[in-house]
Every structure is written in C-alpha cells, then in structure tokens.
Amino acid sequence: MILELDTSLLDRLDISINQLVFITLVLNDIKKVNQDIQKLLSLINEEEIQELISQGLLSIHYDGDTKVIEKTDKLTQLIKEDKSFFDYFYDEFPVYVTRPDGTKGFLRSNISKCRKEYNRIVGKSKAMHEHIMECLRYEVNNKAITGQLGYMKTMWKWLTQHEWETIEEQMKYMEEEYGTSDQIL
C-alpha cells in the first residue's frame, strides 16, 4: 500500500507523525483494514487519537458495535488550500507567446477542459502536482533561455500530449550529464 503524507500538516496542525498517518488514513476514507493498515494502526496509541478528537480534528460515532472515526469540518477547513492544484498550474502557464511568424499565440484556452484533464492526471497527489509544476517551470525557463518560447504548446496540448514526460527525460539527461537539471549555458 502506498500512502502519501502531506508533511506540511505536521506544523500546521501541531501533530505527531503517528497522528499524521492516522489523519491521512481518515482523509483517504480507508474503510477496509488489511495487514498493511493494521501495522500502521498498531503504531498509533489511543492517547494520540484522543488528542486529535479533543482538538476537534476528528469525531467518533458508533454504527452499531463499530466505532467510526471521521474528519470534522474544522480539519477540512485547516487542510483546505485556497487554490486548487490546477489553479497553481494555470497561474504558472504562460498566457501567450510570440510565434516565429510574429503572431501571438494564446496558450491558456479551453480552461474547463484543461481543469478536468489536469485533475484527472494529478488526482489528489500533491507529489504529482509538484512534479508537473517542476517540469513546466523547467520547460518555460529552458525555452526562454534558448529563444524557443514561441514554440510552447497550448495548455490543452501540453496536458493531453503529456509534455512533462518529455521534460522529465531532458531533466534526467541534464542531471546525468552535468549533475544538475538546470539549463547549462
């Protein structure tokens, strides 16, 4: 099982690593307890869970004999970011470029389709979002330095053609060749 932890919550919520794991399990709405989850749960003691409940981050109710632990509105508000992953991506993507023939190419059209596609690609993975953002920044910076920004694809094409995968290869090559993924001049 892969469990992605947002370690920024450690400071924002003033919680322990065990509590972060437990909150992550609750946020991911994991209902079935398999061996992997049982191992994680065994590391978390009852006092740590009670502390999360007393802080108002989690709540307990009973469904028959089953104890159900859920996130509270307070936790939802505390972890909610002001912007979605797509909004950060959209803000970073160039608005327009000057094409080699001198015309302006507007790159950020089809916003609702792009939002759906980006959300499909990234899902709730902050790591994937950050990776795509790193690739986008690298490509924009590299194209600007080399005078190739006029060849930047539209946001829709960039997403549907998985351009970040090409950029990953360029970054990997630069890392292997020069020990850095930054553009070498």
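Bear in mind the structure is a predicted one, so any value in this text is a computation, not a measurement.

### Let's talk about the overall build of the protein
Helix and strand counts for the protein stand at 10 helices and 4 strands. Helices and strands in the protein line up, N terminus first, as α-α-α-α-β-β-α-α-β-β-α-α-α-α. For a compact globule of 185 residues, the expected C-alpha radius of gyration is about 16 Å, and the protein comes in at 22 Å, more than 25% above that figure. Its C-alpha atoms put the protein at 70 × 40 × 30 Å along the principal axes. The buried share among the 185 residues of the protein stands at 30%.

### Focus: the layout of surface pockets
Considered as a void within the structure, the largest pocket measures approximately 920 Å³ in volume. Forming the boundary of the largest pocket are 25 residues, of which Asp6, Leu27, Ile79, Phe85 and Lys124 lie nearest the centre. Within the lining of the largest pocket, the residues separate by chemical class into 9 nonpolar, 8 polar and 8 charged.

### Focus on the confidence of the model for the protein
Here the protein averages 86 in pLDDT, while 93% of its residues score no lower than 70. At the low end of the mean pLDDT range in the protein sits helix 3 (residues 35-42), at 77; at the high end sits helix 9 (residues 155-160), at 97.

### Some points on the nonpolar core
In globular proteins that are soluble, nonpolar side chains generally tend to be buried together. Judged by nonpolar contacts, the single largest core of 23 residues is most densely connected at Phe89, Phe93, Tyr118, Ile132, Trp158 and Leu159. Contributing elements (two or more residues each) for this core: helix 6 (85-92), helix 7 (111-122), helix 8 (126-146), helix 9 and helix 10 (163-178). By residue number, the principal contributor to this core is helix 8, which donates 5 residues. Aside from chain neighbours lying at most four places away, what touches Phe93 is Leu107, Arg108, Leu136, Met152, Lys153, Thr154, Met155 and Trp158. Judged by nonpolar contacts, the second largest core, of 16 residues, contains Leu13, Val21, Phe22 and Ile37.

### Some details on the pairing of strand 1 (residues 58-63)
Direction of pairing for strand 1 relative to strand 2 (residues 66-71): antiparallel, over a ladder of 6 bridges. Residue pairing for strand 2: Asp63 is matched across the bridge by Thr66. With antiparallel pairing between neighbouring strands as the criterion, strand 1 and strand 2 make up a hairpin whose turn holds 2 residues, including Gly64 at a positive phi of roughly 70 degrees.

### Notes on the side chain of Lys143
Mapped onto the fold, Lys143 is located in helix 8. Under the relative-accessibility criterion, Lys143 is labelled buried at 18%. If we skip the residues at most four places from it in the chain, Lys143 touches Gln148, Leu149, Tyr151 and Met152.

### Quick look at unusual backbone geometry
Although it is not a glycine, Asp14 adopts a positive phi angle of roughly 55 degrees. Tracing the sequence through the fold places Asp14 in the loop between helix 1 (8-13) and helix 2 (17-27).

### A word on a nonpolar patch on the surface
A cluster of nonpolar side chains, contributed by Val95, Tyr96 and Phe106, occupies part of the molecular surface with about 310 Å² of accessible area. Note on placement: Val95 falls in the loop between helix 6 and strand 3 (96-98).

### A word on the side chain of Glu163
Within the element layout of this structure, Glu163 appears in helix 10. Taking the relative accessible area as the measure of exposure, Glu163 reaches 11% and is therefore buried. A distance of 2.8 Å separates a polar atom in the side chain of Glu163 from a polar atom in the side chain of Lys153. Contacts of Glu163, omitting those with residues within four sequence positions, involve Glu139, Lys153 and Trp158.

The rules behind each value
- Residues numbered from 1 in each chain as written.
- Predicted model: local features only at pLDDT ≥ 70, side-chain atom pairs only at ≥ 80, totals over all residues.
- Heavy atoms only, no water.
- Helix = DSSP H or I, 4+ residues; strand = E, 2+ residues; numbered from the N terminus.
- Rg over C-alpha atoms; globule rule 2.2 N^0.38 Å.
- Buried < 20%, exposed > 50% of the residue type's maximum accessible area, 1.4 Å probe, protein only.
- 1 Å grid on protein atoms, 1.4 Å probe; cavity = no way out; pocket = protein on both sides within 12 Å on 5 of 7 lines; lining within 4 Å.
- Points joined across faces, edges and corners; volume = space filled by probe spheres on them.
- Nonpolar A, V, L, I, M, F, W, Y, C, P; charged D, E, K, R; others polar.
- pLDDT = per-residue confidence, 0-100.
- Core = buried A, V, L, I, M, F, W, Y, C linked by side-chain atoms within 4.5 Å.
- Contact = heavy atoms within 4.5 Å.
- Pairing = 2+ DSSP bridges.
- Patch = residues over 30% accessible without salt bridge, like charges linked within 9 Å, V, L, I, M, F, W, Y side chains within 5 Å.
- Areas by Shrake-Rupley, 256 points an atom, 1.4 Å probe, with all protein chains shown as cover.
- Salt bridge = Lys/Arg side-chain N within 4 Å of Asp/Glu carboxyl O.
- Polar contact = N/O pair within 3.5 Å; in protein donor to acceptor, adjacent residues only side chain to side chain.

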